[in-house]
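Spelled out from the first residue to the last, the chains are:
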Amino acid sequence: MWKKGSALLLALMLLLTGCAGEASLVRDAVVASLEKPNYDFVGTLKLTGDVDKLPAALGEQQDKDTAALLAAVKAGVTVKGTQLDLKNVKFNLEVNDDKLLREKGFWTGDKKAALELVVNDDKVFAKSPLDQKYLLLDTNVANAAALGGEVKVDAAKVKEYQDKMNKLAIDFAKKYIATYGYKLSNAKNLGTETVELPNGEKVKATHVAVKLDAKELINLFFYTANDAVANQDVKAFAIDMLVLSNSLQEELLNPEKKTTEAEKRAVAEAMVTAGLAQAKQWLNTEGKKLTPEQLLEKAKQNGFHGLTWNLDFYIDEAKLPVRQKSALSVTFQAPQMKQPLTIGLESDQFAYNFGKPTKYDVPSKDAAVTIDQLKQDKKALDAFHEKGFLRTFVEKALEEPQSLEPDKAIEQETKK
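None of these values were measured; they are calculated from a predicted model. (Residues numbered from 1 in each chain as written. Predicted model: local features only at pLDDT ≥ 70, side-chain atom pairs only at ≥ 80, totals over all residues. Heavy atoms only, no water.)

Q: Before we go on, may I ask you to explain the overall build of the chain in this structure?
A: On a plain count of helices and strands, the chain comes out with 15 helices and 12 strands. Within the chain, the fraction of its 416 residues that count as buried is 41%. The long-range fraction of contacts in the chain, counting pairs at least 24 apart against all pairs at least 6 apart in sequence, stands at 65%. For the chain, the accessible surface area stands at approximately 22,700 Å², while carbon and sulfur atoms represent 54% of it. (Helix = DSSP H or I, 4+ residues; strand = E, 2+ residues; numbered from the N terminus. Buried < 20%, exposed > 50% of the residue type's maximum accessible area, 1.4 Å probe, protein only. Contact = heavy atoms within 4.5 Å. Areas by Shrake-Rupley, 256 points an atom, 1.4 Å probe, with all protein chains shown as cover.)

Shown next, in the form of structure tokens:
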């Protein structure tokens with residue numbers, strides 16, 4: 001779960017922060033934060049816009065429960081934690097408005113509804129303040145099961161290859177971002193400001209504001225695509241990643257094949273070269289026929305009316321991002337809607353104690369319960385409070401075998 005999220009985050013950073021001119025400082029800050037990925041953080045995340053109008057616009061009845069839920073998501077969550085490196089982090093999610101959870105019997109007590117998560121390499125520990133023990137999800141085992149299907153595969157071997165892939169991706173990202181040359185049309189250096197961090201420290205930081213819209217993102221996409229098909233570093237990265245992926249598949253599922261490294265690399269290079277050639281051909285033909293205005297008009301015909309994304313970066317003298325603010329707003333109109341609505345997502349995060357994050361203890365084996373243990377001993381379920389929302393998640397995981405894969409299980413619960 002965490003590694004997949006990190007990969008997506010790196011991809012997003014790559015698109016939004018690799019820029020020249022005033023915003024080159026932001027690009028440098030991303031590289032610096034990848035070089036020093038150990039810090040404490042505090043942030044907030046919430047939905048904005050016409051959230052309360054969404055049920056009616058979609059033809060659904062807005063009852064008391066729905067209204068309470070919408071109030072909760074608009075109030076948002078507060079996140080506070082510590083990241084030791086890209087594979088080890090501890091953070092606490094606190095719901096700012098837990099009224100619905102209490103009314104539905106999913107929460108009780110004096111404290112606000114919250115969830116503590118500890119990511120330790122391939123293990124994820126989850127626990128609410130009401131629970132006696134942590135729920136332990138081993139992503140390494142889940143990924144091995146997903147790769148093998150009916151075939152039992154070596155989870156340790158999966159971990160070995162995933163670690164190699166993660167290192168390869170991060171090293172590539174740092175190198176590529178450092179030289180990325182797209183020039184954003186609306187990036188401004190607003191000068192030096194004083195940022196007061198959650199630990200009470202005050203730092204001088206350069207405030208860079210970036211404004212994006214749908215047209216800018218389209219231009220950015222085509223620039224990145226054209227750069228990628230011509231960039232030898234991108235090609236080398238794709239080949240190396242494909243070699244690792246094919247090696248993993250062969251070693252786990254077809255070990256008797258014994259393909260040599262030279263043969264694997266030749267196959268990977270041929271596939272990547274062909275793929276890049278096809279992409280280049282499309283960009284030089286069909287891609288050139290599509291203007292941003294044409295693409296936006298097609299998007300509007302399909303219900304997409306517009307997008308704005310305001311990003312504010314506060315970067316200290318060491319080129320580290322001590323604060324990042326984001327305000328994303330999307331306007332759309334589904335076929336059943338009489339008029340378009342605007343829904344947004346806002347976040348505000350502080351990062352501090354770079355290089356000296358707060359130490360924490362990883363839960364011991366005795367302090368956690370796995371899904372397998374719960375299946376073998378139903379009494380172990382008592383470790384999760386019946387008035388805690390994690391209890392519902394655990395019960396659902398026990399009912400559905402596919403929920404043993406952490407990413408899918410969490411995704412299913414999030415959709416509810």
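Q: Quick question: what am I supposed to make of the pairing of strand E6 (residues 134-138) here?
A: Buried residues dominate E6, accounting for four of its five residues. Bridging between strand E5 (residues 123-127) and E6 involves four bridges; their strand directions are antiparallel. Among the inter-strand pairings, Phe 125 is bridged to a residue of E6, identified as Leu 136. In this antiparallel pair of consecutive strands, E5 and E6, the connection spans six residues. (Pairing = 2+ DSSP bridges.)

Q: Explain the packing of helix H9 (residues 232-253) against helix H10 (residues 261-284) to me, please; I cannot follow it from the model alone.
A: Two quantities define a packed helix pair, namely the angle between the helix axes and the distance between the axes. The contact between H9 and H10 brings their axes to 9 Å, and the two run at 130°. Viewed along their axes, H9 and H10 adopt a mutual orientation that is oblique. Handedness of the crossing formed by H9 with H10: right-handed. Facing Lys 235, Ala 238, Ile 239, Asp 240, Leu 242, Val 243, Ser 247 and Glu 250 of H9, the residues of H10 in contact are Glu 261, Lys 264, Arg 265, Ala 268, Glu 269, Met 271, Val 272, Thr 273 and Leu 276. (Axes fitted to C-alpha atoms, helices over the stretch in contact; angles between N-to-C directions. Parallel < 35°, antiparallel > 145°, perpendicular 65-115°, else oblique. Left-handed = near helix turned anticlockwise from the far one by under 90°.)

Q: What's the story with the sheet that holds strand E3 (residues 88-95) in this structure? I'm lost.
A: Each strand in a sheet pairs with another by means of backbone hydrogen bonds, the pair being arranged parallel or else antiparallel. The strand order E7-E8-E9-E10-E11-E1-E2-E3-E4-E5-E6-E12 describes an open sheet built from 12 strands, whose pairing is mixed. With partners counted over all chains shown, the strands left at the sheet margins are strand E7 (187-196) and strand E12 (368-370), one partner each. Strand-to-strand twist of the sheet, defined as the mean angle between neighbouring strand axes without regard to direction, takes the value 20°. Bridge count for E7 against strand E8 (residues 202-213) is eight bridges, and the pairing is antiparallel. Its bridge partner lying in E8, Thr 194 is registered against Lys 204. Lying on the sheet, helix H2 (residues 24-35) is in contact with E8, strand E9 (304-315) and strand E10 (321-332); it crosses E9 at an angle near 70°. Seen against the sheet, helix H8 (residues 214-230) touches E8 and E9 and runs at an angle of roughly 90° to E8.

Q: Could you clarify how one ought to interpret the packing of helix H7 (residues 155-179) against H9 in this entry?
A: Interhelical geometry of H7 versus H9 gives an angle of 175° and a closest axis separation of 10 Å. In terms of axis orientation, H7 runs roughly antiparallel to H9. Listed contacts from H9 to Lys 157, Val 158, Tyr 161, Lys 164, Met 165, Leu 168, Ala 169, Phe 172, Lys 175 and Tyr 176 of H7 are Asp 233, Val 234, Phe 237, Asp 240, Met 241, Leu 244, Ser 245, Ser 247, Leu 248, Glu 251 and Leu 252. Tallied by class, residues from the contact of H7 with H9 come to 13 nonpolar, two polar and six charged. (Nonpolar A, V, L, I, M, F, W, Y, C, P; charged D, E, K, R; others polar.)

Q: I would appreciate a short explanation of the pattern of salt bridges in the present structure.
A: Side chains carrying opposite charge are able to pair once their charged atoms draw close together. For the structure on display, the rule yields 15 salt bridges. One salt bridge in this structure joins Glu 35 and Lys 174, with 3.7 Å as the shortest N-O distance. Residue Glu 35 is found in helix H2, and its partner Lys 174 is found in helix H7; the two are separated by 139 residues along the sequence. The class of Glu 35 is exposed, set by a relative accessible area of 52%. Among the residues examined, Lys 174 registers a relative accessible area of 18% and is labelled buried. Of the charged contacts, one joins Lys 215 and Glu 293 as a salt bridge, the two residues approaching to 2.8 Å between their closest N and O atoms. Residue Lys 215 is located in helix H8, and its partner Glu 293 is located in helix H12 (residues 292-301); the two are separated by 78 residues in the primary sequence. Judged by its relative accessible area of 37%, Lys 215 falls in the partly exposed class. Through salt bridges with shared partners, one network takes in Glu 35, Lys 167, Asp 171 and Lys 174. (Salt bridge = Lys/Arg side-chain N within 4 Å of Asp/Glu carboxyl O.)

Q: Honestly, the side chain of Thr 82 in this entry has me stumped. Any pointers?
A: Relative to the helices and strands, Thr 82 resides in strand E2 (residues 77-85). The exposure class assigned to Thr 82 is buried, which follows from its relative accessible area of 9%. Within polar-contact distance, the side chain of Thr 82 engages the side chain of Asp 40 at 2.8 Å. Ignoring sequence-local partners within four residues, the contact set of Thr 82 consists of Tyr 39, Asp 40, Phe 41, Asn 88, Val 89, Lys 90, Pro 357, Thr 358 and Tyr 360. (Polar contact = N/O pair within 3.5 Å; in protein donor to acceptor, adjacent residues only side chain to side chain.)

Q: Please explain H9 as it appears in this structure.
A: Structural remark: α-helix, 3.6 residues per turn; residues separated by three or four positions point the same way. Here H9 is 22 residues long and its end C-alpha atoms lie 31 Å apart, about the 32 Å a rise of 1.5 Å per residue gives. Taken together, the buried positions of H9 are occupied by Val 234, Lys 235, Ile 239, Met 241, Val 243, Leu 244, Ser 247, Leu 248, Glu 250 and Leu 252. Measuring from the backbone nitrogen of Asp 233 back to the side-chain oxygen at the start of H9 gives 2.7 Å, which picks out Asn 231 as the cap. (Expected span 1.5 Å × (residues − 1).)

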